[in-house]
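Chain by chain, the residues:
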Amino acid sequence: MAETIIYAARKIITMAPSRPEVSHVAVRDGRILGIGTLEELASWGDYRLDDRFAGKVLMPGFVEGHAHTMEGTLWRNVYVGWFDRMDPDGRVWSGLKSIDAVVDRLREAEAQMTDPEAPLAAWALDPIYMENRRVTRQELDQVSTTRPIGILHASGHIMNVNTRALELAGLMKPGVNHPGIPLGEDGLPLGPLYGPDAMTPVGPHVGFDRALTDCDERGLRDYGKLCVRAGVTTCTDLAARLTDDSVDMMLRVTAEDDYPACIVPLRVFFGMSAEEIVDYCVSLKPRSTERLRLGRIKAVADGSIQGFSARLRWPGYYNGAPNGLWYTAPEQMSDLYHRALAAGVQVHTHTNGDQATQMALDMLEPALKAHPSPDHRFTLQHCQMADAAQFRKMRSLGMNVNLFANHHFYWGDEHYRLTVGPERACRMNACRTALDTGVPMAIHSDAPVTPLGPLFTAWAAVNRITASGRVQGEAERISVSEALYAITLGAAYTLHMDGEVGSIEVGKRADFAVLDSDPTQTDPMALKDIGVWGTVQGGRVFPASAL
Ligand SMILES: [Zn+2]
């Protein structure tokens, strides 16, 4: 018979309604055999007592319901973001506050490169913090005129390149006529490239040579390290292409004995018809394993609010910017919902603007009438601008929501003064309204857009502090215990996985986040600073210090 290990901890926060706090948890075969006192658990038979967590607090392993494993791959490029950020090896890279600082960091990286032809790639630039100023090719030429250089923005939708990169792509000539490629006074491309159309021809020359949303083998392993450091044991990959090769790779890597997380990739609704993607996901589902869950779809209705590409209802953008873009047309969304409901395939839909949310609601209602589907758990992802009436509609349609709580901190000030204005900025990511309305709710990071870290995300939902230190939308704050539920069972529910993860209860997978202190006894303003010792996933122990 398999060995039973009983872990003693300072406190175990179980999220189990009948026994919310215990001192011991017994694990056998990677599953939870029981929770309670040592005496109660000893009656299961021979055991080994493990007290390495005696000074720690255990919670259910965190479930990140909206992130992208591509972050693992991005870290092989130079980080040039505005905020401090930890890489998979635990090094904290300081945030850069000026273009000069970005150029300096690129120069340092360039000095260490041995191959003179190799491209220099960087990521996470966000000029919205620098008066939205454009970075020109001449500025990047200060780093090198002979080596191609490319910087991907935090949003993933814009790239800055130097002169050499434009030459290699054949764009260093007058007469380039493309809305995504602005020209300088000399008639030559200025350096920024907007949108996939403009970025794709240059990307391969600057080191972004795959479809950006795909994660490679080393990236998937590095992503696993980020999960351990953040206390995450189940993580989505919310817009994967899931080619045959990438599915094979993900199956192989996640099956390795020391792979520390369960990954849930959703096939993005792009480049396939609704009929094809539903059939494809039906065929993928049986290939699921303990650590790779296949068979779900992600649809994208609109763009991003800070990029002014989200679809807003009247009165539109606060600064008068024109309305955003439909990434998926309403008719296509309708077709997808009908077919997915008929086939029993779950769809998560990205909607940022409130018009996009309305479109998803309007398309789902008739589809549900045609294909009644109890417990479908179709989930709106981001859903940042939904108002109270839309939450009521979500509840009556049986929908879930996964709100982008981190946005308050990262872009809250910009939403207030620039994108949607004060009133709508205060109702963004309305966690309180969602819960009060009875809509099942999760909260997320959208890593790599913001860093993976459910305790930070919980902090953001509880405090709603912007980067400048203001509380924005006081009435939409939630309690610490509600936020802890959202990052465990709340997210598990949106994935139909609440029966196997998200709480510490008998029969569930032995997945724990191991914390240095107790989030329920911490000043809510310090939630984000709680140390994560590591994780236990499927009964296997992963200390962050050993990564
Ligand atoms: Zn995303």
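Residues numbered from 1 in each chain as written. Predicted model: local features only at pLDDT ≥ 70, side-chain atom pairs only at ≥ 80, totals over all residues. Heavy atoms only, no water.

Under the annotation held in an unreviewed UniProt entry, the protein chain carries the name Amidohydrolase and is attributed to Ruegeria alba.

Asks: Please set out the coordination of the zinc ion residue by residue, giving values where relevant.
Replies: Protein coordination at the zinc ion: the donors are H66 (NE2), H68 (NE2) and D446 (OD), at 2.1 Å from the metal. In terms of primary sequence, the donors binding the zinc ion are separated according to H-x1-H-x377-D. Placement of the pair is H66 in the loop between β6 (62-64) and α2 (70-74) and D446 in the loop between β20 (441-443) and α16 (454-463), with a sequence separation of 380 residues. (Donors = N, O, S within 2.8 Å, 3.2 Å for Na, K, Ca; no water. Helix = DSSP H or I, 4+ residues; strand = E, 2+ residues; numbered from the N terminus.)

Asks: Tell me what's going on with the pairing of strand β16 (residues 296-300), and back it up with residues and numbers.
Replies: A large share of β16 lies buried, amounting to five of its five residues. Burial along β16 is two-sided: the residues R296, K298 and V300 and I297 and A299 are all buried. Two strands pair when backbone bridges link them, and strand β15 (residues 262-268) and β16 are joined in this way by three bridges, in the parallel orientation. Residue pairing in the sheet places R267 in a bridge with I297 of β16. Chirality of the crossover, the property in question, places the unit of β15, helix α9 (residues 274-284) and β16 among those that are right-handed. Where β16 meets strand β17 (residues 347-351), four bridges bridge the pair, whose relative direction is parallel. Bridging across to β17, V300 finds its partner in H350. Regarding topology, helix α10 (residues 330-343) serves as the crossover connection from β16 to the parallel β17, and that connection is right-handed. (Buried < 20%, exposed > 50% of the residue type's maximum accessible area, 1.4 Å probe, protein only. Pairing = 2+ DSSP bridges. Right-handed = clockwise from strand over helix to strand, strands pointing away.)

Asks: Tell me what's going on with unusual backbone geometry, and back it up with residues and numbers.
Replies: Cis rather than trans, the peptide bond between W314 and P315 has omega equal to 5°. The omega angle of the peptide bond from A447 to P448 is 10°, so this bond is cis rather than trans. Structurally, P448 is set in the loop between β20 and α16. The phi angle at F308 is positive, at roughly 60°, despite the residue not being glycine. Along the chain, F308 falls in the loop between β16 and α10. Phi is positive for D375, which is not a glycine, with a value near 65°. If you trace the backbone, D375 turns up in the loop between α11 (354-370) and β18 (379-382).

Asks: Give me the lowdown on the pattern of salt bridges, citing residues and values where you can.
Replies: Summed over the entire model, instances satisfying the criterion amount to 38 salt bridges. Here R76 ties to D216 by a salt bridge, and the two come within 2.4 Å at their closest N and O atoms. A residue pair is termed long-range when its members are at least 10 positions apart, and R76 in the loop between α2 and β7 (78-79) and D216 in the loop between α6 (195-199) and α7 (217-230) qualify at 140 residues. One salt bridge connects R218 with D222, and the closest N-O pair in it is separated by 3.8 Å. Of this pair, R218 and D222 both sit in helix α7, separated by four residues, roughly a single helical turn. The network of salt bridges with common partners includes E3, R48, D50 and R52. (Salt bridge = Lys/Arg side-chain N within 4 Å of Asp/Glu carboxyl O.)

Asks: I'd like to hear about α10, residue by residue, with values.
Replies: With 14 residues, α10 extends 20 Å from end C-alpha to end C-alpha; this agrees with the ideal 20 Å at 1.5 Å per step. Of all the positions in α10, only M333, S334, L336, Y337, A340 and L341 are classed as buried. Down the axis of α10, the sector holding all buried residues measures 165°, keeping them to one side. Counted as exposed and oriented over 90 degrees from the buried face of α10: E331 and A342. Of the surrounding secondary structure, the elements contacted by the buried residues of α10 are α9, β16, β17 and α11. A positive phi of about 75° marks G344, the residue just after α10. (Expected span 1.5 Å × (residues − 1). Arc of directions from axis to C-beta. Contact = heavy atoms within 4.5 Å.)

Asks: How would you sum up the sheet that holds strand β10 (residues 120-125)? Please name residues and give values.
Replies: Strand order across the open sheet formed by five strands is β7-β10-β11-β12-β13, with mixed pairing between neighbours. Of all strands in the sheet, those with a lone pairing partner are β7 and β13 (192-194), marking the two edges. One ladder, built from five bridges, connects β10 with strand β11 (residues 149-153); its direction is parallel. Bridge pairing links A121 to G150 in β11.

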